[in-house]
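# Structural characterization, general
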Amino acid sequence: MAGGSLHVVLLGPPGSGKGTQAERLAAKLSVPAISTGEMLRAAVAQGSALGARVEGVMASGQLVSDELMAEVVQDRLAKDDCKGGFLLDGYPRTAAQTQTLDDILDDLGERLDHVIYLSVPEEELVRRALLRQRDDDTEEVIQERLRVYRNETEPLVAHYEQAGLLRRVDGDRSMDEVTAAMLEAIR
Ligand code: AMP
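Rules behind the numbers
Residues numbered from 1 in each chain as written. Predicted model: local features only at pLDDT ≥ 70, side-chain atom pairs only at ≥ 80, totals over all residues. Heavy atoms only, no water. Axes fitted to C-alpha atoms, helices over the stretch in contact; angles between N-to-C directions. Helix = DSSP H or I, 4+ residues; strand = E, 2+ residues; numbered from the N terminus. Parallel < 35°, antiparallel > 145°, perpendicular 65-115°, else oblique. Contact = heavy atoms within 4.5 Å. Nonpolar A, V, L, I, M, F, W, Y, C, P; charged D, E, K, R; others polar. Pairing = 2+ DSSP bridges. Salt bridge = Lys/Arg side-chain N within 4 Å of Asp/Glu carboxyl O. Buried < 20%, exposed > 50% of the residue type's maximum accessible area, 1.4 Å probe, protein only. Near = heavy atom within 4 Å. Polar contact = N/O pair within 3.5 Å; in protein donor to acceptor, adjacent residues only side chain to side chain. Areas by Shrake-Rupley, 256 points an atom, 1.4 Å probe, with all protein chains shown as cover.

## Focus: the packing of helix H2 (residues 36-46) against helix H4 (residues 66-77)
H4 packs onto H2 with a crossing angle of 105° between their chain directions and a minimal axis gap of 11 Å. The angle between H2 and H4 falls in the class roughly perpendicular. In this structure, H2 uses Thr36, Met39 and Leu40 to contact H4, whose residues at the interface are Met69, Val72, Val73 and Arg76. Considered class by class, the residues forming the contact of H2 with H4 number five nonpolar, one polar and one charged.

Shown next as C-alpha cells:
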C-alpha cells in the first residue's frame, strides 16, 4: 500500500452482487468504484465511437477485446480521482487483463492490495440473473455470460490466490452482511 492508498479488485460471477457491493464498499473506503461494465454501457447510451465498437459484443454476452479494454482502463485509472486508490469492478476478467493491470499499476508506482472474491452458489446466480434480467437479455445470453465467466475469469481466482492477494467472501448472505465481511476481509 503506497501512501495510504488502496487498490482493490472485486472478482465474482455475474449475479454475485459485485456492482452493488463495489458501490457500497467504495463509499466506506472513500475511493472511486470503477465499473468497466457501467463505463461501456454509458458509452453505448451516449452513442460514442467506443459505444459503437462494443455494443454488439456486449449484447451477445461475450467479452470486449483485451486491447480495447486496456485503453479504456488505462485512461480511467490515470484520472485524478484515482490518485488515492480505487476499487475495480469487472476488470480484470482474463489472464491478459491481469498482466495489463499490473503494468498500469507499475507505471503509477502502485500495486494491488487485495482481490476480493465474492462466491455465490450457481443456482442462486441463475435465479438472481433472471430476476435482474435487462430488456435485451435472453436466458441464452445469461448462460453465455456464465460460461464466459467460468472459462475466462474463474481461473483468476487461483492466480490471485497464488499471489497471496485473494480474500474470499461468502456472497450468499444479506447485503449488509456481505459489505461487513468485505470490509473485514481487507482490514
Ligand atoms: P458487467 O456489467 O461487468 O457484467 O459488464 C457488461 C459487459 O461489458 C460484459 O458482458 C462484457 O461484454 C463487457 N465488459 C465489461 N468489463 C469487461 C472486461 N473487463 N473485459 C471484457 N469485456 C468487459
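## What about the sheet that holds strand S1 (residues 6-11)?
As summarised here, the arrangement of the five strands in space is S2-S3-S1-S4-S5, forming an open sheet in which the pairing is parallel. Taken across any chain shown, the strands that pair with only one partner, and hence form the sheet edges, are strand S2 (33-35) and strand S5 (166-170). Averaged over all pairs of adjacent strands, the angle between their axes in this sheet comes to 25°, without regard to strand direction.

## Quick word on the pattern of salt bridges
Side-chain pairs of opposite charge can arise where the charged atoms are in close proximity. Summed over all chains, the structure comprises twelve salt bridges. Linked by salt bridges that have partners in common, Glu124, Arg127 and Arg128 make up one network.

## Here we look at the pairing of strand S4 (residues 114-119)
With five of six residues buried, S4 lies mostly within the body of the structure. Pairing of S1 with S4, which is carried by four bridges, proceeds in the parallel orientation. Pairing of Val8 across the sheet is with His114, part of S4.

## A word on the site of the ligand
Lining the immediate surroundings of the ligand are 14 residues, of which Thr36, Arg41, Gln62, Gly90 and Gln97 lie closest. Val64 is positioned such that a nitrogen or oxygen atom in its backbone is 3.1 Å from a nitrogen atom of the ligand. Arg93 places a side-chain nitrogen or oxygen 3.1 Å from an oxygen atom of the ligand. Burial of the ligand by the surrounding chains reaches 93%, relative to a free accessible area of 470 Å². Ranked by residue count, the leading element in the shell around the ligand is H2, at four residues. For the shell around the ligand, the residue count by class is six nonpolar, five polar and three charged.

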